[in-house]
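Structural features, examined
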Amino acid sequence: MLSRIRELLETAVERGASDIHLQADTPPMLRLQGELQCFDDVTPLGNEDVLQFIAAISPPRGPDELHAEIVRGLDFAYDVPELTRFRCSAHRHLGAVGIVMRIVPRRVSLPDELGLPHAVQDIARCQRGLTLVTGTSGSGKSTTLASMIQTLNQTVRAKIITIEDPVEFVYEQQEALITQLEVGSDTPSFEQALRQALRQDPDLILIGELRDVETLRMALRAADTGHQVFATLHSGNAAQAVERVIAMFPAAEHRLLLSQLAGSIEAILSQRLVRGKDFSTLRLAYAPITDAGVAALEGLEHLQTLSLHGSAITDAALEQLTQFESLNSLWVQETDVTEEGVNRLAIARPDLTVFHDYGGPSTYGTFEFEQQDMYGIYADGDSPLDMQIR
């Protein structure tokens, strides 16, 4: 059975999947280009099969301890030397077990290779201050940070300490001296690791995730004392990131905290994922897409559905959408577009179905609108592939 699961991992890596889902009594699945798909001609795995696999690849422990860890949520890294590295999360459901495995590329890509703007490299070389990379789960935050670390690794003689749970990307040391700590095996907690790191002559500290107020205190202290700090935070955009940081602290500390943030934050990068050029649906939600940003969509030859929600697009830019011959559905809500602009578009493209929020209740179906997913990197800026420093 273990060899069968190993074949599934190899197949997922070969097909370029991002995640593998193994759950008892359910067909194994993989996430490919953002969509969950079943493996071809693969029958469901039994609970004992999945449990044995978890026991075989996770850090050694007794059956009772393993059970207790899975109940709490067991996170660990699994490295297959001739294949790749996986970030694993084992869990229970309805009395059975499952595991989700995120595929972590062995080679760390540089910002240019990821299509990130040059500003990201400039931020990486700032040498001081706190840089937050924010976004929803699975939006590529770790990949962006890894590319920034790799930029420094190739060009700067610096001491870099990374603190993660678990360690995802593993760096081959080049110009930089890199120490990688894994919470649970190398250090008991993020907070303790940060305390240790500040005594180890670091130039840069990477924190896998700001989970609690004490870790955030230590990160701000490190930035205040002249160190460069990278960290991730779950938030929808840059403004929400600041709001979430403030909300983690007691109200009595907010005034002092705001002063610290003003002096410590170097940049906040807010990113999401959108599909590549071969996709059919694109949702640009709450991103300040301006008229100039429409031009960035020209290469999307197969675009069929476009949602503009909370964008700064105007009537003039809306008219440019007539060039997308494949476009058949347009959703416009909470934008700078006027009803007249929507009507002109409808006349120019009678084949285009336009959903808008003028003239009474919105014609959007809430469920349909919210279920349109986003893939490929875009951030708060003038185009889907532009990142703005705030």
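Up top you'll find the structure we're talking about.
Residues numbered from 1 in each chain as written. Predicted model: local features only at pLDDT ≥ 70, side-chain atom pairs only at ≥ 80, totals over all residues. Heavy atoms only, no water.

1. Observations regarding the packing of helix H7 (residues 190-197) against helix H8 (residues 213-224)
Going by this rule: In this analysis an axis means a line fitted to C-alpha atoms, helices contributing only their contacting stretch, and an angle means the value between N-to-C directions, from 0 to 180 degrees. Helix and strand definitions here come from DSSP, where helices need a minimum of 4 consecutive H or I residues and strands a minimum of 2 consecutive E residues; each element is numbered from the N-terminal end. Here is the rule for angles: anything less than 35 degrees is roughly parallel, anything more than 145 is roughly antiparallel, 65 through 115 is roughly perpendicular, and the remaining ranges are oblique. Rotating anticlockwise by less than a right angle from the far helix to the near helix defines a left-handed crossing, while the corresponding clockwise rotation defines a right-handed one. Residues are treated as being in contact if the distance between any of their heavy atoms lies within 4.5 Å. Here the term charged refers only to Asp, Glu, Lys and Arg, the term nonpolar to Ala, Val, Leu, Ile, Met, Phe, Trp, Tyr, Cys and Pro, and the term polar to all other amino acids, Gly among them.
Contact geometry for H7 and H8: axes closest at 8 Å, N-to-C directions at 20°. The orientation of H7 relative to H8 falls into the category roughly parallel. The interaxial crossing formed by H7 with H8 has left-handed handedness. Within the contact between the two elements, H7 uses Phe190, Glu191, Leu194 and Arg195 and H8 uses Glu214, Thr215, Met218, Ala219 and Arg221. Taken together, the residues of the contact of H7 with H8 break down into 4 nonpolar, 1 polar and 4 charged.

2. Concerning the nonpolar core
Short version of the rule: Nonpolar cores are built from buried Ala, Val, Leu, Ile, Met, Phe, Trp, Tyr and Cys residues. Side-chain atoms within 4.5 Å join them into one set. Partly exposed describes any residue whose relative accessible area lies between the buried limit of under 20% and the exposed limit of over 50%, with all areas from a 1.4 Å probe on protein chains only and scaled to the type maximum.
Counting 31 residues, the largest nonpolar core has Leu132, Ile163, Ile205, Ile207, Leu210, Leu220 and Val229 as the members making the most contacts within it. Looking at this core, the elements with two or more residues in it are strand S7 (129-135), strand S8 (159-164), H7, strand S10 (204-207), H8, strand S11 (228-234), helix H9 (238-247) and helix H10 (254-264). By residue number, the principal contributor to this core is H8, which donates 6 residues. When residues no more than four places from it in sequence are discounted, the contact partners of Val229 are Gly129, Leu130, Thr131, Ile205, Ile207, Ala219, Ala222 and Ala223. Within the second largest apolar cluster, 29 residues are counted, among which are Ile5, Val42, Val50 and Val97.

3. Digging into H9
Cut-off, in case you're wondering: Our arc is simply the arc of the directions from the helix axis toward the C-beta atoms.
Of the residues making up H9, those classed as buried are Ala238, Ala241, Val245 and Ile246. The arc that holds every buried residue of H9, seen down its axis, measures 130°, which confines them to one face. Residues of H9 that are exposed and point more than 90 degrees away from the buried face comprise Glu243 and Ala247.

4. Side note on the pairing of strand S6 (residues 96-104)
Residues in a regular strand project their side chains so that they alternate between the two faces of the sheet. Defined as follows: Two strands are said to pair when DSSP picks up at least two bridges between them.
The element S6 is largely enclosed, with a buried count of 7 among its 9 residues. Here 9 bridges tie strand S5 (residues 85-93) to S6, and the two strands are oriented antiparallel to one another. Residue Arg87 lies in a different strand from S6, and its bridge partner there is Arg102. Between the end of S5 and the start of S6, which pair antiparallel, lie 2 residues, with Leu94 showing a positive phi angle near 50°.

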